[in-house]
Amino acid sequence: METTANNSNLDENILTKLDLTQVNLLKEECILIDRQDKKIGFASKKDCHLMSNINQGMLHRAFSVFLFNKDGDLLLQQRSKAKITYPEHWTNSCCSHPLNTESELDENDAIGIKRAAQRKLQHELGIPPAQVPLDDFCYLTRILYKASNVPDDGIFGEHEIDYILFIKKDVDIRVNQNEVKSYKYVSQKQLKDFVDSIEADGQGQRITPWFKLIVKNFIYKWWNDIDNLPKFTDHQYIHDHVN
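In this text, all values refer to a predicted model and were calculated from it rather than measured experimentally. Every chain begins its residue count from 1, and numbering advances along the sequence as written. Reporting in this predicted model follows two pLDDT cut-offs: at least 70 for local features of residues, and 80 or more for side-chain atom pairs to be given and counted; totals over whole chains, interfaces and linings ignore these cut-offs and use all residues. Hydrogens and waters are ignored; side-chain quantities use all the structure's heavy atoms.

Peer 1: Explain the environment of Pro-133 to me, please; I cannot follow it from the model alone.
Peer 2: Per the convention used, a helix needs a DSSP run of H or I reaching at least four residues, while a strand needs a run of E reaching at least two, with both numbered from the N terminus. Tracing the chain through its elements places Pro-133 in the loop between helix H6 (111–125) and strand S8 (138–148). Exposure remark for Pro-133: the relative accessible area of 28% places this residue in the partly exposed category. Remark: the alpha-carbon pair of Pro-133 and Lys-212, spanning 79 residues in sequence, is separated by 27 Å. Non-local contacts of Pro-133, meaning those with residues more than four positions away in its chain, are made with Gln-118, Ile-167 and Lys-169. The buried label applies to any residue whose accessible area, calculated with a 1.4 Å probe on protein chains only, is under 20% of its type's maximum; exposed applies above 50%, and partly exposed to all values in between. Here a residue-residue contact requires only that any non-hydrogen atoms of the pair lie within 4.5 Å.

Have a look at this one:
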């Protein structure tokens, strides 16, 4: 039996203080799942990101794209100031959610996730879908994590099973400034130095919790052998970083 979620506890006055475009995106329907990544229903993006729901166990499906150019450098983006969660944080190339639609619910070879990734790469970074073909995404594994918003507002957070997608393509970028403040390509050394500098001082810069988790635990072993990624694929195990 599928369930839906509805939450009326969020003071609507809070939403009036937020960016209108981002508030409208909160109406999108995300996919609710259990801890085995089985669909159990759907809920609005707003409800999925309320800590009041997260603390009761609400969990949704997400993805993180790591896009590399032909030189092997990784595309990072800095989230816009308008973002409701983790504004102005640096993160991986693109991170978002598949929606509760027929095309993005398709679990065959994670094709629904890949369609969502292609959609959001165009929405956030202006990358034409033809430059990131579905067949060129490598779905590596899944990660379960939970985090409160930063700055901590006591309202929003994340609780996701995150599909990790790698793709190596040269692309044209035209950022949506409501989504992305800036972007850059980095080498492995530049990423290590960047993360180390943020942890040591930060100078006002921050990275998203899921990106930090992936950098610390996974990324370099995959990056070191980026042309042989299929040997790393693990679609059976969900890496639990909550418990």
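Peer 1: Got a minute to help me understand the pattern of salt bridges in this structure?
Peer 2: Where charged atoms from two side chains of opposite charge approach closely, those side chains can pair. What makes a salt bridge here is a side-chain nitrogen of Lys or Arg within 4 Å of a carboxyl oxygen of Asp or Glu, nothing more. Following the criterion strictly, the structure yields 16 salt bridges and no others. Between Asp-37 and Arg-142 there is a salt bridge whose closest N-O contact spans 3.0 Å. In this pair, Asp-37 sits in the loop between strand S2 (29–33) and strand S3 (39–44) while Arg-142 sits in strand S8, placing the two residues 105 residues apart along the sequence. Comparing Asp-37 with Arg-142 shows no difference in burial state: the two are buried. Across the pair Glu-199 and Lys-212 runs a salt bridge, and its minimum N-O distance is 3.8 Å. Here Glu-199 is found in helix H7 (residues 188–200), whereas its partner Lys-212 is found in helix H8 (residues 209–217), with 13 residues between them in sequence. When salt bridges with common partners are traced through the structure, they connect Asp-37, Arg-61, Glu-107 and Arg-142 into a single cluster.

Peer 1: Help me understand H6, please; the structure alone is not making it clear to me.
Peer 2: In an α-helix there are 3.6 residues to a turn, and that puts residues three or four apart on one side. Multiplying 1.5 Å by the helix residue count minus one yields the expected span of that helix. Compared with the 21 Å implied by 1.5 Å per residue over 15 residues, the 21 Å span of H6 between its first and last C-alpha is a close match. Judged by how many residues are buried, H6 sits mostly within the fold: 11 of 15 residues are covered. Within H6 the residues assigned to the buried category are Ile-111, Gly-112, Ile-113, Lys-114, Ala-116, Ala-117, Gln-118, Lys-120, Leu-121, Glu-124 and Leu-125. With its phi angle positive at about 70°, Gly-126 sits one or two positions after the end of H6.

Peer 1: Is there a simple way to think about the packing of H7 against H8 in this case?
Peer 2: For any two helices packed against each other, the geometry comes down to the angle between their axes and how far apart the axes lie. Orientation of H7 relative to H8, taken along the N-to-C sense of each, is 125°, at an axis distance of 12 Å. The orientation of H7 with respect to H8, classified from their angle, is oblique. Considering how the two elements wind past one another, H7 and H8 form a crossing that is left-handed. Of the residues in H8, those touching H7 at Leu-191, Val-195 and Glu-199 are Phe-211, Lys-212, Val-215 and Lys-216. Simply put, an axis is a line fit to the C-alpha atoms, just over the touching stretch for a helix, and the angle between two N-to-C directions goes from 0 to 180 degrees. Here the word oblique covers every angle except those under 35 degrees (roughly parallel), over 145 (roughly antiparallel) and from 65 to 115 (roughly perpendicular). When the near helix sits turned anticlockwise from the far one by under a right angle, the crossing is termed left-handed; a clockwise turn instead gives a right-handed crossing.

Peer 1: I tried to follow the side chain of Glu-124 on my own but got confused; where do I start?
Peer 2: On the secondary structure map, Glu-124 appears in helix H6. Overall, the relative accessible area of 2% leaves Glu-124 in the buried class. Here the side chain of Glu-124 touches Gln-77 through a polar contact of 2.8 Å, side chain to side chain. Beyond its immediate chain neighbours, meaning those up to four positions away, Glu-124 contacts Gln-77, Cys-94, Cys-95, Ser-96, Val-175, Asn-176, Glu-179 and Val-180. As used in this structure description, the phrase polar contact means that two N or O atoms lie within 3.5 Å; if the pair is within protein, one of them must be able to donate a hydrogen and the other to accept it, and residues adjacent in sequence are counted only when both atoms belong to side chains.

Peer 1: Quick question: what am I supposed to make of the pairing of S8 here?
Peer 2: Strand residues, when the strand is regular, have side chains that alternate between the two faces of the sheet. In terms of burial, S8 is a largely internal element, 9 of the 11 residues being buried. Note on pairing: DSSP must find at least two bridges between two strands before they are called paired. One ladder, built from 10 bridges, connects S8 with strand S9 (residues 157–168); its direction is antiparallel. Looking at the pairing, Ser-148 lines up with Gly-157 of S9. As defined by bridge partners, S8 adjoins strand S11 (residues 238–240) across 3 bridges and the pair is classed as parallel. Residue pairing in the sheet places Ile-143 in a bridge with His-239 of S11.

Peer 1: Got a minute to help me understand the side chain of Thr-141 in this structure?
Peer 2: The topology assignment puts Thr-141 in strand S8. Within the structure, the side chain of Thr-141 is placed 3.1 Å from the backbone oxygen of Asp-234, a separation counted as a polar contact. Side-chain polar atoms of Thr-141 contact the side chain of His-239, separated by 3.3 Å. Other than its neighbours up to four places away in sequence, Thr-141 contacts Asp-162, Tyr-163, Ile-164, Trp-222, Asp-234, Tyr-237 and His-239.

Peer 1: For this particular structure, what's the right way to read the packing of aromatic side chains?
Peer 2: The geometry of an aromatic ring pair is captured by two quantities: the separation of the ring centres and the angle between the planes. The rule is short: rings of Phe, Tyr and Trp, with Trp giving its six-membered ring, pair when the centres are within 6.5 Å, and they are stacked under 30 degrees, edge-to-face over 60, tilted in between. In the structure shown here, the tally under the stated rule is 11 aromatic pairs. Ring centres of Trp-90 and Phe-194 lie 5.8 Å apart, and the angle between their planes is 90°; this geometry places the pair in the edge-to-face category. Here Trp-90, found in strand S6 (residues 90–91), pairs with Phe-194, found in helix H7; they are 104 residues apart in sequence, far enough to count as distant. A single burial state applies to Trp-90 and to Phe-194, both of which are buried. Following the ring pairs from residue to residue traces out a cluster consisting of Phe-66, Phe-68, Phe-166, Phe-211, Phe-218, Tyr-220, Trp-222 and Trp-223. Here, over-ring charges are defined by two tests on the NZ atom of lysine or the CZ atom of arginine: distance to the ring centre within 6 Å, and angle to the ring normal within 35 degrees. The positively charged end of Lys-192 is found above the aromatic ring belonging to Tyr-220, 4.8 Å away from the centroid.

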